[in-house]
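Structural characterization, general
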Amino acid sequence: MPARSLYFVGPRAVSVRERPVPDPDGDEVLVETSVSAVSPGTERLIYRGEAPRDLSADPSIPALAGTLDYPLQYGYAAVGTVAAVGDDVDDEWLDRRVFAFNPHESHFLADPADLHVVPDDCSSETATLLPNVETALNFVMDGRPVVGERVAVFGQGVVGLLTTALLARFPLERLVTVDTVSRRRELSRSFGADESLTPADAHALLAPETDPMANGSDVPTGADLTYELSGNPDALDSAIGVTGYDGRVVIGSWYGEKRSDLALGGRFHRSRIDLQSSQVSTIDPTLRGRWTPERRFARAWDWLARVDTDPLVTHRVPLEQAPDAYHCLDTDREETVQILFTYGER
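Going by an unreviewed UniProt entry, the protein chain carries the name Alcohol dehydrogenase zinc-binding domain protein and comes from Halogranum salarium B-1. What the UniProt record of the protein chain gives under Cofactor (unreviewed entry) is the line "Zn(2+)". In its Sequence similarities (unreviewed entry) section, the UniProt entry covering the protein chain states "Belongs to the zinc-containing alcohol dehydrogenase family."

**Regarding the pairing of strand β12 (residues 243-251)**
Taking burial as the measure, the nine residues of β12 include seven buried ones, the bulk of the element. Bridge count for strand β11 (residues 223-228) against β12 is five bridges, and the pairing is parallel. Each residue of the ladder has a partner; that of L225, found in β12, is R248. Following the chain from β11 across helix α7 (residues 233-241) to the adjacent parallel β12, one finds a crossover that is right-handed. Two strands pair when backbone bridges link them, and β12 and strand β13 (residues 274-277) are joined in this way by four bridges, in the parallel orientation. Considered in β13, the bridge of V249 is made with L275.

**Focus on the packing of aromatic side chains**
Under the counting rule described, the total for this entry stands at seven aromatic pairs. Ring plane angle 65 degrees and centroid distance 5.2 Å describe the contact between F8 and Y326, whose orientation is recorded as edge-to-face. Remark: Y326 occurs in helix α10 (residues 322-331) and F8 occurs in strand β1 (residues 3-10); sequence separation between them is 318 residues. The same class applies to F8 and to Y326, which are both buried. Judged by centre distance (5.8 Å) and plane angle (55 degrees), the rings of Y326 and F341 are tilted. Linking Y326 in helix α10 with F341 in strand β15 (residues 338-342), this pair joins segments that are 15 residues apart in sequence. Relative accessible area serves as the criterion here: at 0%, F341 is assigned to the buried category. The structure contains a cluster of three or more aromatic residues connected by ring pairs, namely F8, Y47, Y326 and F341.

**Concerning the pattern of salt bridges**
Under the counting rule described, the total for this entry stands at 15 salt bridges. Of the charged contacts in the structure, one is a salt bridge between D330 and R48, with a shortest N-O distance of 2.5 Å. Taken together, the residues D330 in helix α10 and R48 in helix α1 (residues 40-48) connect sequence positions 282 residues apart. Given the relative accessible area of 12%, D330 is considered buried. Two residues, E173 and R150, come together in a salt bridge whose shortest N-O distance is 3.6 Å. Of this pair, E173 sits in the loop between α4 (158-167) and β9 (174-178) while R150 is found in strand β8 (residues 150-154), placing the two residues 23 residues apart along the sequence.

**Observations concerning the packing of helix α3 (residues 130-143) against α4**
With their axes 8 Å apart at the nearest point, α3 and α4 run at an angle of 55 degrees to one another. The angle between α3 and α4 falls in the class oblique. Seen from above, α3 lies across α4 with right-handed handedness. Contacts between α3 and α4 involve N132, V133, T135, A136, L137, F139 and V140 from the first element and V158, V159, L162, T163, L166 and L167 from the second.

**Some remarks on the domain arrangement of the protein chain**
Taken domain by domain, the protein chain holds domain 1 (3-118 + 314-342) and domain 2 (132-285). The gap between the C-alpha centroids of domain 1 and domain 2 is 31 Å. Between domain 1 and domain 2, the residue contacts involve 19 residues of the former and 17 residues of the latter. For the pair domain 1 and domain 2, the two sides together bury roughly 1500 Å², of which 51% comes from carbon and sulfur. A salt bridge links R333 to D179, with the shortest nitrogen-to-oxygen separation between them at 3.8 Å. Among the elements that make up the side of domain 1 that touches domain 2, the one with the highest residue count is α1 (three residues). Here the residues of the side of domain 1 that touches domain 2 sort into eight nonpolar, six polar and five charged.

Calculation criteria
Residues numbered from 1 in each chain as written. Predicted model: local features only at pLDDT ≥ 70, side-chain atom pairs only at ≥ 80, totals over all residues. Heavy atoms only, no water. UniProt positions renumbered as here; feature names shortened; annotations may be inferred. Buried < 20%, exposed > 50% of the residue type's maximum accessible area, 1.4 Å probe, protein only. Helix = DSSP H or I, 4+ residues; strand = E, 2+ residues; numbered from the N terminus. Pairing = 2+ DSSP bridges. Right-handed = clockwise from strand over helix to strand, strands pointing away. Phe/Tyr/Trp six-rings, centres within 6.5 Å; stacked < 30°, edge-to-face > 60°. Salt bridge = Lys/Arg side-chain N within 4 Å of Asp/Glu carboxyl O. Axes fitted to C-alpha atoms, helices over the stretch in contact; angles between N-to-C directions. Parallel < 35°, antiparallel > 145°, perpendicular 65-115°, else oblique. Left-handed = near helix turned anticlockwise from the far one by under 90°. Contact = heavy atoms within 4.5 Å. Domains from an automatic or database assignment. Buried area = accessible area lost by both parts, 1.4 Å probe. Nonpolar A, V, L, I, M, F, W, Y, C, P; charged D, E, K, R; others polar.

So, in structure tokens, the structure goes:
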């Protein structure tokens, strides 16, 4: 069977192309993919044509060289088995189950140094969600929740739900999540949220005093820490709106070319709210002395073993049906949380 690779070829257009199965060079291995995970937020932007096309895909991932201009391969969560090794590679790599930051394709070549061996007690499907757990860890590290704080998380997609699962382990006063989709709110409660609300209900519950200078109470109101992970630019204004005096808003969403319209002329002006961008490619400069990406990645494996990720997977789709999968991702938020591409048996 020939190798198959997924390409984004234009707005709302993808194709699966065939090519010969490559042979590894002396220092490479050939990986045969069994399953790969769609990144709902980023790949939806690319699929819709809403990602900046002159932006590099990801300089930190060798397999994602180039820009986000069409046609391009994308994806960064592939799990498979080493099917062949080059002459200079130890034969012990053969038949190892590995994770790779690699686009959606049935066969690919890799430097063994870029592969991560999947633990025996971790299923291949679960292993594909490793980057999402690592991202959630990064968000929590950037937010630095404090004992007894009120925390709100806007957006309960895959990364939002995993961030909720991690935050639920902290001794917070209250953990409230926000999403427009009822199914995601149900999942959020099962992942540890004290309450999961619509945006309107969240505003009614959490919104602080209109003017912080007019608050006669010594007890601050509003969320101490808010995450905006929805991917919807309009949600950022809502996230700021429920954040109290001297609170922090961690912005993990990537909006691509979409703009956010913020009302910063009212309460925000006097509230000393910090807005912080967060993205997994880097670690907060104040933590880099003790934390490396490798250390964070190791902790991501640990947390992946603690969190039940099975409820997140809503679709398992053969790669050949990728056009249908992306149409579903684009149009059906009610039913779609995590899509996995499958590649058949060896």
